[in-house]
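# Observations on the three-dimensional arrangement
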Amino acid sequence: MPRRVYTYLPETGWGTLNLIASLGAFILAGGVLVFIVNAIWARYAGAVAGDNPWAADSLEWATTSPPPNYNFHNLPVVQGRYPIWQATADAPVVRGLSTTKRETLVTSVMDAQPELRFDIPGPTIWPFLLSLATAVMFIAGIFTPWAILIGAILAGIVLACWFFGDPNHDNKTARETGDQSEPVRPAPTKLQPKEV
Amino acid sequence: MSTQAVIDISKLPHHQFDTYDPVWWGNNLLLTIETSMFAILIATYFYLRQNFAEWPPPVGQLTATLKPLPQLGYGTANTILLLVSCIPMVLTDISARRGNRGVSQIGLVVGIMCGLGALILRGFEFSAVYFRWDSNAYGSVVWFMLGMHMMHLAILTVEAILLAIWIFTREYDMKHRVDIVTVAIYWYWVTAIWLVLYAIIYFTPRLG
């Protein structure tokens, strides 16, 4: 390939392949253009799509559009293969997650039986400092191998601070933090909906 | 307002042992990744060995008849120490499940002692290999195998130290009892991986 020549020379025999690749690039660009035009048109002139405009059956359409940042006020209970289509008016909901700290529901894999209210970490600076220590370790590691050792120690210190600096810790009740001679077992029988 | 059926999960526990807990899955999947990393390392070791007429390569011209095998002493001592350290970790594991704080504390402290001892012995193990990491391909791969395992040993020991500090100075809660069981699984894994590496580093050169 000679310098400062913008195209393939005839003797390379790549002209046709290059043409096909170029056409493909224009087709892709056309597709992106249609998407952009559609997005702008929909924003200013299109009909407003309400909740679940397709009458779809899956759970991501079970909330309002646009969704609130908590997605569901109460977790819906799936009643069949097509959750929204098969949902009845009195479909049970899940209640009981904490309102004072972050929790998420952990269920069994196949039957989705509720098993745990798992603690989700609260807002904390430590993950950011950990990524900072990692970034410094790898960037400085270009110049000296000692950066790996020092960076690993720094990351270890940050991890230790993260371990002891759980922002949820002070919100826990005595029941959760006290000594328990017997482990808490999940409910032996399946949780059944109750009328309230 | 019609009545609505509610599934009340407010009485569910926050943490539970083994397959219930996301931490158990996270730890075991991490160990799966690390196991395949060690498998690649072992494959590298045998690949490099193929390219050498003598393994380990002979030292210099004058001592060409001497086969510089890694000395067995420190490696064997470390293997025994790691196997013995599984005893306090099994006790810690069982006591964390039963909720016996005192046994967990003793087991963790003894385990940490073993971990620190294994780290010191590992330092001597490097000197029991006749080559430095930059001497030849043999030195590089053996130092890397010893070093990668040492890294896991160090992380494991630090984890055990942090957990011990927690259960000595703070509460003995379910979250950290699950953590203790997780560290115990990690401990068994580090020991099991070492048995394989020990056999490969110290004994495969003696076979052929």
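Read on for a plain summary of the structure. In this text, all values refer to a predicted model and were calculated from it rather than measured experimentally. (Residues numbered from 1 in each chain as written. Chains lettered and ligands numbered in written order. Predicted model: local features only at pLDDT ≥ 70, side-chain atom pairs only at ≥ 80, totals over all residues. Heavy atoms only, no water.)

Next up on the list: the overall build of chain B. From N to C terminus, chain B includes five helices and one strand. Mapped from its N terminus to its C terminus, chain B presents α and β elements in the order β-α-α-α-α-α. Along the longest, intermediate and shortest principal axes, the C-alpha atoms of chain B span 95 × 40 × 25 Å. Pairs at least 24 apart in sequence give 79% of the contacts found in chain B among residues at least 6 apart. Total accessible area on chain B is roughly 9,500 Å²; 72% of this is exposed by carbon and sulfur atoms. Of note, chain B has its 12 positive side-chain charges centred 5 Å away from the centre of its 12 negative side-chain charges. (Helix = DSSP H or I, 4+ residues; strand = E, 2+ residues; numbered from the N terminus. Contact = heavy atoms within 4.5 Å. Areas by Shrake-Rupley, 256 points an atom, 1.4 Å probe, with all protein chains shown as cover. Lys, Arg positive; Asp, Glu negative; His and termini not counted. Charge placed at Lys NZ, Arg CZ, Asp CG, Glu CD.)

In this model helix α4 (residues 137-169) of chain B runs 47 Å from its N-terminal to its C-terminal C-alpha over 33 residues, within 8% of the 48 Å that 1.5 Å per residue would give. For α4 of chain B, the side-chain oxygen to backbone nitrogen distance between the N-cap and Tyr138 of chain B is 3.2 Å, and the N-cap itself is Asn136 of chain B. (Expected span 1.5 Å × (residues − 1). Polar contact = N/O pair within 3.5 Å; in protein donor to acceptor, adjacent residues only side chain to side chain.)

Let us now look at the pattern of salt bridges. Residue and element names in this part refer to chain B. Scanning all chains against the criterion turns up five salt bridges over all chains. When the shortest N-O distance is used, the salt bridge between Asp18 and Arg97 registers 2.9 Å. Of this pair, Asp18 sits in the loop between β1 (5-8) and α1 (22-50) while Arg97 sits in helix α2 (residues 72-98), placing them 79 residues apart in sequence. Under the relative-accessibility criterion, Asp18 is labelled partly exposed at 24%. Three or more residues joined by partner-sharing salt bridges are found here, namely Asp18, Asp93 and Arg97. (Salt bridge = Lys/Arg side-chain N within 4 Å of Asp/Glu carboxyl O. Buried < 20%, exposed > 50% of the residue type's maximum accessible area, 1.4 Å probe, protein only.)

The next subject is the pairing of strand β4 (residues 114-119) of chain A. Consecutive side chains of a regular strand alternate in pointing toward one face of the sheet and then the other. With six of six residues buried, β4 of chain A lies mostly within the body of the structure. Counted along the chain from strand β3 (residues 103-107) of chain A to the antiparallel partner β4 of chain A, the turn is six residues long, and its residue Ala112 of chain A has a positive phi close to 55 degrees. (Pairing = 2+ DSSP bridges.)

Residues and elements named next belong to chain B. In the structure shown here, the tally under the stated rule is 20 aromatic pairs over all chains. Plain terms: the ring middles of Trp24 and Trp25 are 5.0 Å apart, the flat faces sit at 85 degrees to each other, and that makes the pair edge-to-face. Residue class for Trp24 comes out buried when judged on its relative accessible area of 19%. The class of Trp25 is partly exposed, set by a relative accessible area of 40%. Pairwise contacts between aromatic rings join Tyr45, Phe46, Phe52, Trp55, Phe131 and Tyr138 into one cluster. Just above the ring of Trp194 sits the side chain of Arg122; from NZ or CZ to the centre is 4.2 Å. (Phe/Tyr/Trp six-rings, centres within 6.5 Å; stacked < 30°, edge-to-face > 60°. Lys NZ or Arg CZ within 6 Å of the ring centre and 35° of its normal.)

Let us look at unusual backbone geometry. With an omega dihedral of -5 degrees, the bond running from Ser65 of chain A to Pro66 of chain A counts as a cis peptide bond. Here Pro66 of chain A is to be found in the loop between α1 (15-44) and β1 (75-76). Cis peptide bonds are those with omega within 30 degrees of zero, and the linkage from Trp55 of chain B to Pro56 of chain B qualifies with 0 degrees. Considering the arrangement of structural elements, one finds Pro56 of chain B in the loop between α1 and α2. A positive phi angle, close to 60 degrees, is found at Arg4 of chain A, a residue other than glycine. Position of Arg4 of chain A among the secondary structure elements: in the segment before α1.

Bear in mind that shape data such as this cannot, by itself, settle questions of function.
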